[in-house]
Amino acid sequence: MTNEIGARRHPVVSAVIPCLDEEIAIGQVVTAVLAQNVSEVVVVDGGSRDRTTERAEAAGARVIVEPRAGYGRAIQAGIAKARDDADIVVFLDGDGSDPAEFIPDLVSPIVAGQTVFVLGSRVRGPREPGSLAPQQLFAAYVGGLLLRLVYGANFTDLSPFRAIRRDELIHLGMKEETYGWNLEMLMRVAAARLPALEIAVGQRRRIGGVSKVSGNLITGVKAAWSISATFVRLAFELRTQQR
């Protein structure tokens, strides 16, 4: 892979979408993603009890099932099943809250060789009323503050909407299996001093269903605890590796 991915051929972009019980939204999400010149969409189903898998496949996605619970496990399963020749991997949620039309803006700086990682910030750009719960905004603020204080990184959000060169993703050594996965990637990118950008994408209200985190107080508390524990654990781990 050259510094400019598109120098020799059209870049291969794989989109990974973890989901659970998103039958209302997933078909529209897959269709919207494929309309952005994405090479493939891999939907990772966490054991949905509705027609999520059926509707994802009908829309053109390749569906795999990860029976083990955990957001990070689902993401890692999707990465493992992405095309072997993928240059870039894009991540987004399957509820329709991430604006798929921004995928070219996430991918193009990587294709041009300007950076290797791009984060789509939900707290920047237009947000529909009610699209982000207070606990999500608070987590974004705290996470961004910690990343800035510890690593000097200028991320404003822990958004799942992001793109990264696949070779760099593999070298990051991602391990987190739960809700801390998104934070772990930001920490590893920052600690490795990889070229990174952030763009404003805003946020939409989910198309249907109930959020697995913001829509449930208990799950939200668990996610917050997982994210906090991930930061503390990984900060020590990365510091030890650097030494």
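Every residue gets a number counted from 1 within its own chain, in the order that chain's sequence is written. Only residues with pLDDT of at least 70 get local features here, since the model is predicted, and only at 80 or more are side-chain atom pairs given and counted; chain-wide, interface and lining totals rely on the full set of residues. Calculation of side-chain values draws on the structure's entire complement of heavy atoms; hydrogens and water are dropped beforehand.

Student: Looking at this structure, how should I read the overall build of the protein?
Tutor: Put simply, DSSP H or I for four residues or longer makes a helix, DSSP E for two residues or longer makes a strand, and each gets a number counted from the N terminus. Summing up its helical and strand segments, the protein has eight helices and seven strands in all. Per-residue accessibility, obtained with a 1.4 Å probe over protein chains only, is compared with the maximum for each type, and a residue is labelled buried under 20%, exposed over 50%, and partly exposed between these values. In the protein, buried positions account for 51% of the 243 residues. Considering only intrachain contacts with a sequence separation of at least 6, the fraction spanning at least 24 residues in the protein is 78%. Note on areas: Shrake-Rupley, 1.4 Å probe, and residue coverage restricted to the protein chains presented here. As displayed, the protein has an accessible area near 11,400 Å², and 54% of this comes from carbon and sulfur atoms. Contact definition: two residues touch when any of their heavy atoms are within 4.5 Å.

Student: Even after reading the chapter, I still don't get the sheet that holds strand β3 (residues 62-65), so can you show me in this structure?
Tutor: Strand pairing within a sheet occurs via backbone hydrogen bonds; the two strands may be parallel or antiparallel. Two strands are said to pair when DSSP picks up at least two bridges between them. Strand order in this open sheet of seven strands is β3-β2-β1-β4-β6-β5-β7, and the pairing throughout is mixed. In this open sheet, the two strands that pair with only one neighbour each are β3 and β7 (196-200). Within this sheet the neighbouring strands show an average axis-to-axis angle of 20 degrees, counted without direction. Relative to strand β6 (residues 162-165), helix α7 (residues 181-191) is tilted by about 45 degrees, and along the sheet it contacts β4 (88-91), β5 (117-121), β6 and β7. Axes here mean lines fitted to C-alpha atoms, for a helix over just the part in contact, with angles spanning 0 to 180 degrees between N-to-C directions.

Student: Even after reading the chapter, I still don't get unusual backbone geometry, so can you show me in this structure?
Tutor: Among all residues except glycine, the phi angle is most often negative; among peptide bonds, the trans geometry is most common. Of note in this structure, Asn-37 is not a glycine but carries a positive phi near 60 degrees. Summarising the element assignment, Asn-37 is placed in the loop between α1 (26-34) and β2 (40-45). Residue class for Asn-37 comes out exposed when judged on its relative accessible area of 59%. Despite not being glycine, Arg-193 shows a phi value in the positive range, around 55 degrees. Among the structural elements, Arg-193 can be located in the loop between α7 and β7. Looking at Arg-193, the relative accessible area reads 62%, which means it is exposed.

Student: So what exactly am I meant to see when it comes to α1 here?
Tutor: Owing to its 3.6 residues per turn, the α-helix aligns residues three or four sequence positions apart on the same side. Taken together, the buried positions of α1 are Ile-26, Gly-27, Val-29, Val-30 and Val-33. The arc that holds every buried residue of α1, seen down its axis, measures 165 degrees, which confines them to one face. On its buried face, α1 sits against β1 (13-19), β2, α2 (52-58) and α4 (103-111). In this description, the arc belongs to the directions extending from the helix axis to the C-beta atoms.

Student: Explanation requested: the pairing of β1 in the structure shown.
Tutor: Most of β1 sits out of view: seven of its seven residues are buried. Side-chain alternation along β1 places Val-13, Ala-15, Ile-17 and Cys-19 on one buried face and Ser-14, Val-16 and Pro-18 on a second face that is also buried. When β1 meets β4, the two strands line up parallel, connected through four bridges. Across the sheet, Ser-14 pairs through a bridge with Val-89, a residue of β4.

Student: How should I be thinking about the pattern of salt bridges in this particular structure?
Tutor: Close approach of charged atoms lets side chains of opposite charge pair. Only one rule defines a salt bridge in this text: a Lys or Arg side-chain nitrogen within 4 Å of an Asp or Glu carboxyl oxygen. If you walk through the whole model with that rule in mind, you get 18 salt bridges. Between Asp-21 and Arg-49 there is a salt bridge, with the nearest N and O atoms lying 3.8 Å from each other. One end of the pair, Asp-21, is in the loop between β1 and α1; the other, Arg-49, is in the loop between β2 and α2, and 28 residues separate them in sequence. A relative accessible area of 25% means that Asp-21 is categorised as partly exposed. A salt bridge links Glu-177 to Arg-73; its shortest N-O distance comes to 2.7 Å.

Student: It is not clear to me how the environment of Gly-173 should be interpreted in this structure. Could you clarify?
Tutor: Topologically, Gly-173 is positioned in the loop between α6 (166-172) and α7. Excluding its chain neighbours within four sequence positions, the residues that come into contact with Gly-173 are Glu-184 and Arg-188.

Student: Got a minute to help me understand the environment of Glu-198 in this structure?
Tutor: Examined against the element boundaries, Glu-198 turns out to sit in strand β7. A C-alpha to C-alpha distance of 6.6 Å links Glu-198 and Ser-121, two positions 77 residues apart in sequence. Beyond its immediate stretch of four places on either side in the chain, Glu-198 contacts Leu-119, Ser-121, Arg-124, Asn-154, Phe-155, Thr-156 and Asp-157. Definition of a polar contact: a pair of N or O atoms within 3.5 Å, with one able to donate and the other able to accept a hydrogen when the atoms are protein atoms, and with sequence-neighbouring residues admitted only if both atoms are side-chain atoms. Side-chain polar atoms of Glu-198 contact the side chain of Arg-124, separated by 3.0 Å. Here Thr-156 takes part through its backbone nitrogen, which lies 2.7 Å from a polar atom of the side chain of Glu-198.

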